[in-house]
Amino acid sequence: MDRRRRIPRTDTVLADPRLVAAAVRLGRHRVKDAVAAAAALARAGRLDPGDLADAALAALPPAATGLRAVINATGVLVHTNLGRAPLSPAALDAVRLAGRTVDIELDLVDGRRAPRARTAVDALAAAVGGAVGAHVVNNNAAALTLVAAALAGGREILVSRGELVEIGDGFRLPALLAAAGARLREVGTTNRTHLADYAEAVGPDTALILKVHPSNFRLTGFVAEAPVAALATLGPPVVHDIGSGLLVPEPLLPDEPDARTSLRAGAALVTASGDKLLGGPQCGLLLGDPELVGALRRHPLARALRIDKLTAAALEATLTGPEPPVTAALRADLAGLRRRAEAVARAAGGAPAVVDSTATVGGGGAPGVDLPSVALALPAAAAAGLRTGTPAVLGRVAGGRLLLDLRTVDPADDAALAARLAAR
Ligand SMILES: *Cc1c(COP(=O)(O)O)cnc(C)c1O
């Protein structure tokens, strides 16, 4: 009998309960396409017609998104290309809940409209402590845009020449402030800016003084900068972009600024990212003087920059729930990392060597801070295969070897990592 005649009809294959379930998860179109592709293979004689359903199932993605899961073995804690901070299981649960209909802007007790995302905003203020005002926008770039537009439109913002930073993928501070309608006034020099430089520049047109954390580079040598406490004596409000999003001091990163310390030193406002060292979803945190925060919240641009309910839910869970993965990775002790590395190497068949490594926080903060770590070493040629499989595994190539750094791998992914290595 002709092989083509034995190929089952698409509808018959689609009735396979596993494909019916897949259609519920992924949509019928996608499943039908996978069956059609498998049928084409069978017609070409490259697939047994009896294996149509199995082949279609294997070709289907795990979820209805083109995004692929990646195990971050780069040793870079906050990896922008991998979506920065991974969310905690508690935050993921919160997102799942918020994805349905929720009281994001409603008081269920009196049935009236309520301030948007108030539980997340309250949790943020409480985490910093004191009578601090809080507001959350789409990201830190949006926070700075709102500050510039609402508080410095058509007026001057003083910034040190040593802090005119570019963060990556389009974030250039001077261009952003100008786009928001503020005028930038540069003070000091690249390596040294003194309080007197700011003091000389302050005038009737000064709307605010902006201090920016150089979060992805370090100035060393003959350098000087004016601290927030000194700047706060000059008169105009001091806005401190701390970048990383630490709300309180982190003992492991003593040089990294945090919101509480900066506000106590006299900053009128602090801006930060939510998806760096805070370990939460992408968002921009605005903290400080309740009156200034109120002005930001009322500005027309606030509506364009507001967060969605998923972000609000994830942020609140990050602030109030268990330790987020970024914090766990930062604090993981070396002996534990070594034990995990050895267990993964054993489960993988013992081929990868366990070696010392150095992890970093990443563009999200703490430039120049080395975090001692442990890695699995493989031939550099293994990189492409690991990167393109499922789940994708991304390491870093150094000294002709591929290093898979355990500090940035979620312990829950150790088994999947070992399985990928064993299958090489
Ligand atoms: C990361 C960073 C930004 C940009 O923050 P996004 O949340 O990515 O918009 C701005 N300023 C500093 C100091 C940063 O570190």
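Everything quoted here is computed from the prediction, not taken from an experiment. (Residues numbered from 1 in each chain as written. Predicted model: local features only at pLDDT ≥ 70, side-chain atom pairs only at ≥ 80, totals over all residues. Heavy atoms only, no water.)

**Quick word on the overall build of the chain**
Under the convention used in this document: Numbering of helices and strands runs from the N terminus, with a helix taken as a DSSP run of H or I at least four residues long and a strand as a DSSP run of E at least two residues long. Between buried and exposed lies partly exposed: a residue is buried under 20% and exposed over 50% of the maximum accessible area for its type, with that area taken using a 1.4 Å probe on protein chains only. Only the protein chains shown count as cover for residues, with accessible areas throughout obtained via the Shrake-Rupley method and a probe of 1.4 Å.
What the chain contains, in helices and strands, is 18 helices and 17 strands. With the C-alpha coordinates aligned to their principal axes, the bounding extent of the chain is approximately 95 × 60 × 35 Å. For the chain, the residues scored as buried account for 46% of the 424 residues in total. Counting every atom, the chain has about 20,400 Å² of accessible surface; 54% of that belongs to carbon and sulfur.

**Some words on the UniProt feature "modified residue: N6-(pyridoxal phosphate)lysine" (unreviewed entry) in the chain**
Where we set the bar: UniProt positions are given in the numbering used here, feature names are shortened, and annotations may be inferred rather than shown by experiment.
Taken from the UniProt record, the annotation "modified residue: N6-(pyridoxal phosphate)lysine" (unreviewed entry) applies to K276. Tracing the sequence through the fold places K276 in the loop between β11 (269-273) and β12 (284-288). We classify K276 as buried; its relative accessible area is 4%.

**Some words on the nonpolar core**
So the rule is basically this: In these notes, a set of buried Ala, Val, Leu, Ile, Met, Phe, Trp, Tyr and Cys residues joined through side-chain atoms within 4.5 Å is what counts as a nonpolar core. In what follows, residue pairs with any heavy atoms lying within 4.5 Å of each other are defined as contacts.
If you look at the biggest cluster of nonpolar residues, it comprises 35 residues, and the most contacted ones within it are L124, V136, L247, L285 and L287. If you tally residues by element for this core, the top one is helix α6 (residues 118-128), at 6 residues. Those residues within four positions of V136 in sequence are excluded, and the remaining contacts are V121, L124, C283, G284, L285, I307 and L315. Ranked by size, the runner-up nonpolar core spans 33 residues in total, among them A149, I157, A182 and L269.

**Topic: the side chain of N140**
Locating N140 in the fold gives a position in helix α7 (residues 140-152). A residue is classified by how much of its surface remains accessible, and N140, at 6% relative accessible area, is buried. N140 has contacts with D241, G243, T271, A272, S273, C283 and G284, leaving out every residue within four places of it along the chain.

**Remarks on the pairing of strand β5 (residues 156-160)**
This is how the line gets drawn: Strand pairing is assigned whenever DSSP detects at least two bridges linking the two strands.
A large share of β5 lies buried, amounting to 5 of its 5 residues. Burial along β5 is two-sided: the face carrying E156, L158 and S160 and the face carrying I157 and V159 are both buried. Sheet topology note: the β5/strand β8 (residues 183-187) ladder contains 5 bridges and is parallel. Looking at the pairing, V159 lines up with E186 of β8. Taken together, the 4 bridges between β5 and strand β9 (residues 206-212) define a ladder with parallel strand orientation. Its bridge partner lying in β9, L158 is registered against I209.

**Topic: the domain arrangement of the chain**
Interface size is commonly expressed as the accessible area that is lost once the parts come together. Here is the rule: Start and end positions for the domains come from either an automated domain assignment or a database one.
Domain assignment breaks the chain into domain 1 (3-59), domain 2 (70-84 + 327-422) and domain 3 (89-322). Each of domain 1 and domain 2 has a C-alpha centre, and the two are 37 Å apart.

**Examining the site of the ligand**
Rules: Proximity criterion: a residue is near a molecule or strand once any of its heavy atoms comes within 4 Å of it. Within 3.5 Å is the distance limit for a polar contact, defined as a pair of N or O atoms, with the added protein rule that one can donate a hydrogen and the other accept it, and that residues adjacent in sequence qualify only through two side-chain atoms. Classification convention: Asp, Glu, Lys, Arg as charged; Ala, Val, Leu, Ile, Met, Phe, Trp, Tyr, Cys, Pro as nonpolar; all other residues, Gly among them, as polar.
All residues in the neighbourhood of the ligand are listed as R84, N139, N140, A141, I167, F171, H213, S215, D241, G243, S273 and K276. Between an oxygen atom of the ligand and a main-chain N or O atom of N140, the distance comes to 2.9 Å. Contact distances for the ligand include 2.6 Å between a nitrogen atom and a side-chain N or O atom of D241. When isolated, the ligand has an accessible area of 380 Å², and the protein chains bury 95% of it. Going through the elements one at a time, α7 and β10 (238-243) are the ones with two or more residues in the shell around the ligand. Among the residues forming the shell around the ligand, the class breakdown is 3 nonpolar, 6 polar and 3 charged.

**Concerning the layout of surface pockets**
We count it as follows: The way it works is a 1 Å grid over only the protein atoms, where trapped points that fit a 1.4 Å probe form a cavity and open points with protein on both sides within 12 Å along at least five of seven lines form a pocket, and then any residue with an atom within 4 Å of a point lines it. Grid points are joined across faces, edges and corners, and a volume is the space filled by probe spheres set on the points.
Approximately 570 Å³ is the volume found for the second largest pocket. In terms of lining residues, the second largest pocket is bounded by 28 residues, among which H213, P214, R218, E225 and D255 are the most central. Among the residues making up the lining of the second largest pocket, the classes are represented as 13 nonpolar, 8 polar and 7 charged.

**Side note on the environment of A332**
Mapped onto the secondary structure, A332 falls in the loop between α15 (325-331) and α16 (334-347). On the basis of relative accessible area, A332 is assigned to the partly exposed category, the value being 24%. Sequence-wise, A332 and L371 are 39 residues apart; in three dimensions their C-alpha atoms are separated by 9.9 Å. Apart from residues no more than four positions distant in its own chain, A332 is found in contact with L337 and R407.

**What about the sheet that holds strand β17 (residues 401-405)?**
Strands in a sheet are paired, the pairing made by backbone hydrogen bonds, and the direction either parallel or antiparallel. Note the following rule: Angles run from 0 to 180 degrees between N-to-C directions of axes, and those axes are lines fitted to C-alpha atoms, restricted for helices to the stretch in contact.
Spatially, β13-β14-β17-β16 is the arrangement adopted by the 4 strands of the open sheet, whose pairing is antiparallel. Whereas interior strands pair on both sides, the edge strands pair on one side only; in this sheet they are β13 (353-359) and β16 (396-398). Strand-to-strand twist across the sheet, computed as the mean angle between neighbouring axes with direction ignored, equals 45 degrees. Relative to strand β14 (residues 371-379), β13 is paired through 7 bridges, and the arrangement is antiparallel. By the bridge assignment for β14, A359 is matched with L371. Along the sheet, α16 contacts β13 and β14; its crossing angle with β14, the most-contacted strand, is approximately 15 degrees.

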